[in-house]
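# Remarks on the overall topology
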Amino acid sequence: MKALWLNDAGAVRGAGLFARSHAAECRIVSAADDLNWFAVAAKAYGVALQRGIETEAGLALIGPKAPRVLRLAGLDPTLSPLAFIDANWDGVHVMLSRFGEHGGFEIWSSREAAPIVWDRVREAGAGQLLVTAGAHALDTLDVEAGVARPWRDYVPARDVQSSVPTPRSLSLESLVDPGHRSFNGYAGWRAARIGASSRIYGLLIDAEEPAAFAPLYAGSRYVGLSLTSRYSPALKAAIALAQIEEDSAGSGTQLLLGASLSPWRRKLELVSATVVDLPFLPVPDSIEA
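So, here is what we can say about the structure in this document.

Cut-off values and rules
Residues numbered from 1 in each chain as written. Predicted model: local features only at pLDDT ≥ 70, side-chain atom pairs only at ≥ 80, totals over all residues. Heavy atoms only, no water. Core = buried A, V, L, I, M, F, W, Y, C linked by side-chain atoms within 4.5 Å. Buried < 20%, exposed > 50% of the residue type's maximum accessible area, 1.4 Å probe, protein only. Helix = DSSP H or I, 4+ residues; strand = E, 2+ residues; numbered from the N terminus. Pairing = 2+ DSSP bridges. Axes fitted to C-alpha atoms, helices over the stretch in contact; angles between N-to-C directions. Contact = heavy atoms within 4.5 Å. Salt bridge = Lys/Arg side-chain N within 4 Å of Asp/Glu carboxyl O. Polar contact = N/O pair within 3.5 Å; in protein donor to acceptor, adjacent residues only side chain to side chain.

### Side note on the nonpolar core
Core analysis: the largest hydrophobic core is formed by 18 residues, its most contacted members being Leu203, Ile205, Leu216, Ile244, Leu255, Leu257 and Val275. The biggest single contributor to this core is strand 11 (residues 237-245), with 4 residues. Counting residues in hydrophobic clusters, the runner-up holds 17 residues, among them Leu79, Val94, Leu96 and Val117.

### Some points on the sheet that holds strand 1 (residues 2-6)
Judged by pairing direction, the sheet is antiparallel, and its 3 strands sit side by side in the order 1-2-3 without closing on themselves. The two strands at the open ends of the sheet, each matched to only one other strand, are strand 1 and strand 3 (25-30). Ignoring which end each strand starts from, the neighbouring axes of this sheet average 40° apart. Pairing analysis gives 5 bridges linking strand 1 to strand 2 (residues 12-22), with the strands arranged antiparallel. Counted as the bridge partner of Ala3 is Gly16 from strand 2. Contacting strand 1, strand 2 and strand 3, helix 1 (residues 35-44) runs over the sheet at an angle of about 85° to strand 1.

### Thoughts on the sheet that holds strand 5 (residues 84-89)
The strand order across the open sheet formed by 4 strands is 4-7-6-5, and the pairing between neighbours is antiparallel. Single-partner strands in this sheet number two, and they are strand 4 (56-61) and strand 5. Taken over all neighbouring pairs, the strand axes of this sheet differ in orientation by 25° on average, direction set aside. Against the sheet, helix 2 (residues 66-73) touches strand 4, strand 5, strand 6 (92-97) and strand 7 (105-110), its axis set at about 35° to strand 7.

### Section: the pattern of salt bridges
Taken as a whole, this structure holds 13 salt bridges when the rule is applied. For Arg152, the salt bridge goes to Asp139, with nearest N and O atoms at 2.8 Å. In this pair, Arg152 is assigned in the loop between helix 4 (135-145) and helix 5 (186-192) and Asp139 in helix 4, connecting sequence segments 13 residues apart. Of the two residues, Arg152 and Asp139, neither departs from the other in class, the shared state being buried. Taking the shortest distance from any N to any O, the salt bridge between Arg152 and Asp153 comes out at 2.8 Å. Its relative accessible area of 8% is what places Asp153 among the buried residues. Three or more residues joined by partner-sharing salt bridges are found here, namely Glu101, Asp139, Asp142, Arg149, Arg152, Asp153 and Arg230.

### A short note on the side chain of Gln243
Within the secondary structure, Gln243 sits in strand 11. On the basis of relative accessibility, which here comes to 18%, the residue Gln243 falls in the buried class. Among the polar contacts listed, one links the side chain of Gln243 to the backbone oxygen of Ser169, at a separation of 2.8 Å.

### Things to note about helix 4
Regarding helix 4, the residues found buried are Asp139, Thr140, Asp142, Val143, Glu144 and Ala145. At its buried positions, helix 4 is contacted by strand 10 (221-232) and strand 11. Immediately downstream of helix 4, the backbone of Gly146 shows phi near 75°, a positive value.

Interpretation in functional terms is not warranted from these geometric data alone.
Set out below in structure tokens:
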């Protein structure tokens, strides 16, 4: 399941996924390391921790042909979102999962077996238009899907007294169970729900160049800030995530974005941007088998 963990003041310290392997073991998958915080909590409950990133390698396979590539490679892609399964892949132990937000798959293995996994996937995808892509491409998919990431789009509340970011400001309140009152930061979370707030929205920018971390104005009034911005090949437009005051951010609202869109110009240019509902592009309902 997807979950948040909050600091004492009710702000978002981290976000990730908890996957139970069996009764005595679970896996935490997060975009940002927070090992020390978990270590303190684990010690209090007699739980042992192992940092998987030091022993494991992961390869993501995303796109409509991902199931077909897995079948050609000898892996069964019959797996629900957020699920995972261990497999013996012709002598190589792997874990196949669907933890990501983009409808794809991940193959986890030991670091020593990673070159074998890479070669097998490349060979299986040779006739399926498989191409390699890096972090920049994943950032583009994140923006299209409306996914904000820690340290890229917001600073996690690692200080126990920090009051931001709140689950509401990150549009992640659906991950908080209001009927559960014993989680860390409950009182602070409840207090933060009262009053005006900003939230993360989408921006369709009236320019070809992305504009990250640029101020947003409603007329002459500052109302927010763009976050990660990318050119979307699917939408053929520059888009961005943005933190905007809720009373200034209805879908279709026209704002002005102040950005230096040309690297040789230092003058701030104002371009129009339209607030849109997230995600820009939904995860496909079905993928090619």
